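# Structure at a glance
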Amino acid sequence: MKLSAIFRRRKTFNHGIHPMEHKALTAGLPVRRLFFAPKMIIPLSQHRGAPGIPLVKVGQEVVRGEPIAKAGGFVSVPMHSPVTGVVRSIDELVATAEGPKARAIIIETYPAATQEVLYQAPIDVDAMTAEELVKAVQACGMVGLGGAAFPSHVKLLPPEGKQIDILIINGCECEPYLTCDHRVMLEQTDCMIRGIRMVIKATGAKRAIIGVEDNKLDAVAHIKTALPTDSEITVEAVVTKYPQGAEKMLITSLLDKEVPSGGIPADIGVAVYNVGTMAQLGELIPKSRGLIERVVTVSGPGAKKPGNYLVPIGTPLRFLMEQVGTTSESTEVIMGGPMMGMSVASQDVAITKGVSGVVVFERDERDHPVYPCIKCGACLDACPILLNPSMLGQLAGVRQYETMAQEYHLNDCFECGSCSYVCPSNIPLTQYFRIAKAINREAKTAA
Ligand code: SF4
Ligand code: SF4
């Protein structure tokens, strides 16, 4: 081996943090399917953009995979039935993990049904044009499965005057506890590569780089063996550091380029997709099917049977928790990872397309008193985009929300949680910033 290769530094970005990973709980466990819940809750707003429009009526029988709602606009996707059963109600306002209540379709599962997906006939993906591929991606209801839930087809059509040259495929999975992307890279490698090839064709990108944190070198090696040496798709290990999986950070790490403040990756010719999204596209598009299930990591000290589970979209969290079991009566359940996920007030919420993990804590593990800021500067050292979280926190305390946005770049904050994590005073900085952004948005709408 050449000396330069030995001393070559692995790619990364400045700042960030190193939280305990806790991935060993589930990283070695292959994906397993759980039972189907007797009742499925399918919110019509599982993505950014307008809610879906129901295509079914109360009392109608549906088969697994059948479209039950059409897209409500361009930045929207259709929904498909996760089970064979009967529509029990529509329009109920159900609780969601994100907070606001949403309209949903409630389906009662037929217990005796085989739950095979027999809906739609396979298609020849190689014969599809780029335009047909974009339509197929929207028709299958795909959103970013890494947690962003942004409709995937929208990224295939960058704003006028912009061209996608490079795809970054995000296999970092930098949140503690989560391992579903790791398992997907190991278990669904061929589907993932097929999905990437389709997106290369649809966007006209010249190449794709799969970025994987170096705590998953088995996945790097496995993907490399599945790719020809002259492939337009390459895989690169990046430093294990949080938030390496944030799209702007990963772009900086792999390409040494920065997305401009307030901009999007397409501004510099890049589109970022999650590995799970690619694997699902590679599986679903050739079969002409919709997104009806996803891999979810269920983990944390409060989960009795941590693992990676194939969960139908719409499965109630309460049902999932009953299957996995909890170690204590008093738990705190986070949808997503512990850094960026949401603590849920009720288990009557559904697993939606963007839920990559469910992390269970015994409640007193996360209850910490909040103290005043001691001006230690730890949050400044942690912020990957060089904001001043301490100053932003003080301004939030005196409700100077507009100043936060205008003078301290509040809107560039992508709520990674690094500043809150390192704060010795336990100040919930990220929550303050989320609230400040929401208040500014409301004020703008009202103006
Ligand atoms: S939450 Fe926002 S301010 Fe805090 S570290 Fe992350 S990007 Fe910076
Ligand atoms: S980490 Fe916390 S205590 Fe330290 S400067 Fe930032 S807000 Fe203040």
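Just above, that's the structure.
In this report, the structure presented in the accompanying data block is examined. Computed from a predicted structure; not experimentally measured.

Taken together, the side chains of Phe 74, Val 75 and Leu 157 make up a nonpolar region of the molecular surface, amounting to roughly 250 Å² of accessible area. Residue position: Leu 157 is located in the loop between helix H3 (152-156) and strand S9 (166-171). Overall, Leu 157 belongs to the partly exposed group, its relative accessible area being 43%.

This part covers the sheet that holds strand S16 (residues 342-343). Hydrogen bonds between backbone groups are what pair the strands of a sheet, and the pairing can be parallel or antiparallel. Reading across the sheet, the six strands line up as S1-S14-S13-S17-S15-S16 and stay open at both edges, with mixed pairing between neighbours. One side of each edge strand has no neighbouring strand; the edge strands of this open sheet are strand S1 (32-33) and S16. Pairing of strand S13 (residues 293-299) with strand S14 (residues 307-312) involves six bridges; the strand directions are antiparallel. In the sheet register, Val 298 faces S14, and the bridge partner there is Gly 307. Contacting S13, S14, strand S15 (331-335) and strand S17 (357-362), helix H9 (residues 317-324) crosses the sheet at an angle of about 65° to S17.

All right, on to the sheet that holds strand S6 (residues 79-80) then. Within the open sheet, the three strands sit side by side as S3-S5-S6. Their pairing is antiparallel. With partners counted over all chains shown, the strands left at the sheet margins are strand S3 (53-54) and S6, one partner each. Pairing geometry for strand S5 (residues 67-70) and S6, over two bridges, is antiparallel. Bridging from a neighbouring strand, Pro 67 pairs with His 80 of S6.

So, on to the packing of helix H2 (residues 130-139) against helix H5 (residues 189-203). Interaxial distance between H2 and H5 falls to 8 Å at its minimum, and their mutual angle equals 125°. Classed by the angle they form, the pair H2 and H5 counts as oblique. For the crossing formed where H2 meets H5, the hand is left-handed. Listed contacts from H5 to Ala 130, Leu 133 and Val 134 of H2 are Met 198, Lys 201 and Ala 202. Of the residues that constitute the contact of H2 with H5, the class distribution is five nonpolar, no polar and one charged.

Conventions used here
- All residue numbers refer to positions counted from 1 along the written sequence of the respective chain.
- Here chains are named by letter from A upward and ligands by number from 1 upward, in the order in which they appear as written.
- Local features are withheld for residues below a pLDDT of 70 in this predicted model, meaning they are given only at 70 or higher, and side-chain atom pairs are given and counted only at 80 or more; totals for whole chains, interfaces and linings count all residues.
- Hydrogen atoms and water are omitted, and side-chain values are computed over all heavy atoms in the structure.
- Each patch is built from residues that are more than 30% exposed by relative accessible area and take part in no salt bridge. Like charges join if they lie within 9 Å; nonpolar side chains (Val, Leu, Ile, Met, Phe, Trp, Tyr) join within 5 Å.
- Surface exposure here means Shrake-Rupley accessible area, sampled with a 1.4 Å probe, where a residue is shielded only by the protein chains that are shown.
- Any Lys or Arg side-chain nitrogen found within 4 Å of a carboxyl oxygen on Asp or Glu counts as a salt bridge.
- Put simply, DSSP H or I for four residues or longer makes a helix, DSSP E for two residues or longer makes a strand, and each gets a number counted from the N terminus.
- Exposure categories follow from relative accessible area, calculated using a 1.4 Å probe and restricted to protein chains: below 20% of the type maximum is buried, above 50% is exposed, and the middle band is partly exposed.
- Here, strands pair whenever DSSP counts at least two bridges between them.
- Throughout, a contact is declared for two residues whenever any of their heavy atoms are within 4.5 Å.
- Helix axes are fitted only over the stretch in contact, all axes being lines through C-alpha atoms; the angle between N-to-C directions runs from 0 to 180 degrees.
- Throughout, the term roughly parallel applies to angles under 35 degrees, roughly antiparallel to angles over 145, roughly perpendicular to angles from 65 to 115, and oblique to all others.
- Left-handed describes a crossing in which the near helix is turned anticlockwise from the far one by less than a right angle; the clockwise case is right-handed.
- Side-chain classes follow a simple rule in which Ala, Val, Leu, Ile, Met, Phe, Trp, Tyr, Cys and Pro form the nonpolar group, Asp, Glu, Lys and Arg form the charged group, and the remainder, Gly included, forms the polar group.

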